[in-house]
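# Remarks on the overall topology
The residues making up each chain are set out below.
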Amino acid sequence: MNETISVIVPVYNVAAYLPQCLESILNQDYGDLQVLLIDDGSTDDSGAICDRFAAQDSRIQVIHQKNGGAASAKNAGLRAASGKYLSFVDSDDYLEPGVYGFLVKTLEEAQADTVQGAFQEVYRSRTEAKPLKPETLEGFDYLLRFPKDFTCALLWNKLYRRELFNGVFFEEGHKIDDEYFTYQGFLQPRKVVCTDRIIYNYRKRASSVMGSPAAADSGRPGQHRQAAAEGLRADSRPFPGL
């Protein structure tokens, strides 16, 4: 019997992309899923799409809430998550086929706490792969990468043991919130496996959070890395060398 993966999907005004996202999750080869759709006060048909999918698949749980931003939506998902493993998927993106079974197998065979995969950026007329070197890192070495490699702070390119984030929540009020969360899961000694398999499709579009003017101002890679570095310096007690 498989252990459950809790999949947190924050949803806000993505009706055009949401069905593809949900189908890519539900059609995975790994069937033991808890799919948490947090409708963050959508004003288009996104909420109705969530409800329609939930009526057809008992693995889906929909949470409708007043608009509070991406961090608030993810926090609602964390409070509801009950699986052994944890995954995040942005509602305008989609998974590659067959990745959850692969990620769980990789994680358990290595007795690791997190598996990070490669991803590709999806444009209107092309895709661009973002390769990743296959390797296994201890938590200290992985933490050292945060200030230099923005992919360490990304949520959606990884599968985690949920226990990594017991009692950890997103800091609300930031346009780009990943780096305020992910590094906290690695403050205790952990093992991370990196695989060169592409697991995720990140859609590049002007109206997304990452593509918005506000995000361009607050989420440039340099500032993204700086925020992670500041967090590490402020709270790296298990690793006094940082």
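Residues numbered from 1 in each chain as written. Predicted model: local features only at pLDDT ≥ 70, side-chain atom pairs only at ≥ 80, totals over all residues. Heavy atoms only, no water.

## Brief notes about the nonpolar core
General note: in soluble globular proteins, nonpolar side chains tend to be found buried as a group. The biggest cluster of nonpolar side chains holds 34 residues, and the ones touching the most others in it are I5, I25, V89 and Y100. For this core, the secondary structure elements donating two or more residues are β1 (5-11), α1 (18-26), β2 (33-40), α2 (46-56), α4 (99-110), β6 (114-122) and β10 (191-203). (Core = buried A, V, L, I, M, F, W, Y, C linked by side-chain atoms within 4.5 Å. Buried < 20%, exposed > 50% of the residue type's maximum accessible area, 1.4 Å probe, protein only. Helix = DSSP H or I, 4+ residues; strand = E, 2+ residues; numbered from the N terminus.)

## A look at α2
Within α2, the full set of buried residues consists of S46, G47, I49, C50 and F53. Taken down its axis, α2 places every buried residue within 160° of arc, on the same side. Exposed positions of α2 whose direction lies more than 90 degrees from the buried face are A55 and Q56. The inward-facing, buried residues of α2 contact β1, α1, β2 and β3 (60-65). (Arc of directions from axis to C-beta. Contact = heavy atoms within 4.5 Å.)

## Section: the pairing of strand β8 (residues 135-138)
Where burial is concerned, the two faces of β8 differ: the one with E135 and L137 is buried and the one with T136 and E138 is not. Where β8 meets β10, 4 bridges bridge the pair, whose relative direction is antiparallel. If you follow L137 over to β10, its bridge partner there is V192. (Pairing = 2+ DSSP bridges.)

## Re α1
All of the buried residues in α1 are L18, C21, L22, S24, I25 and L26. Contacts made by the buried residues of α1 are with β1, β2, α2, β3, β5 (94-95) and α4.

## Side note on the state of the cysteines
Counted according to the given criterion, the structure contains 0 disulfides. Cysteine C21 remains unbridged, with the sulfur of C50 as its closest cysteine sulfur at 9.2 Å. Taking the relative accessible area as the measure of exposure, C21 reaches 0% and is therefore buried. The thiol sulfur of C152 is not disulfide-bonded, and the nearest other cysteine sulfur, from C194, lies at 7.3 Å. (Disulfide = S-S within 2.5 Å.)

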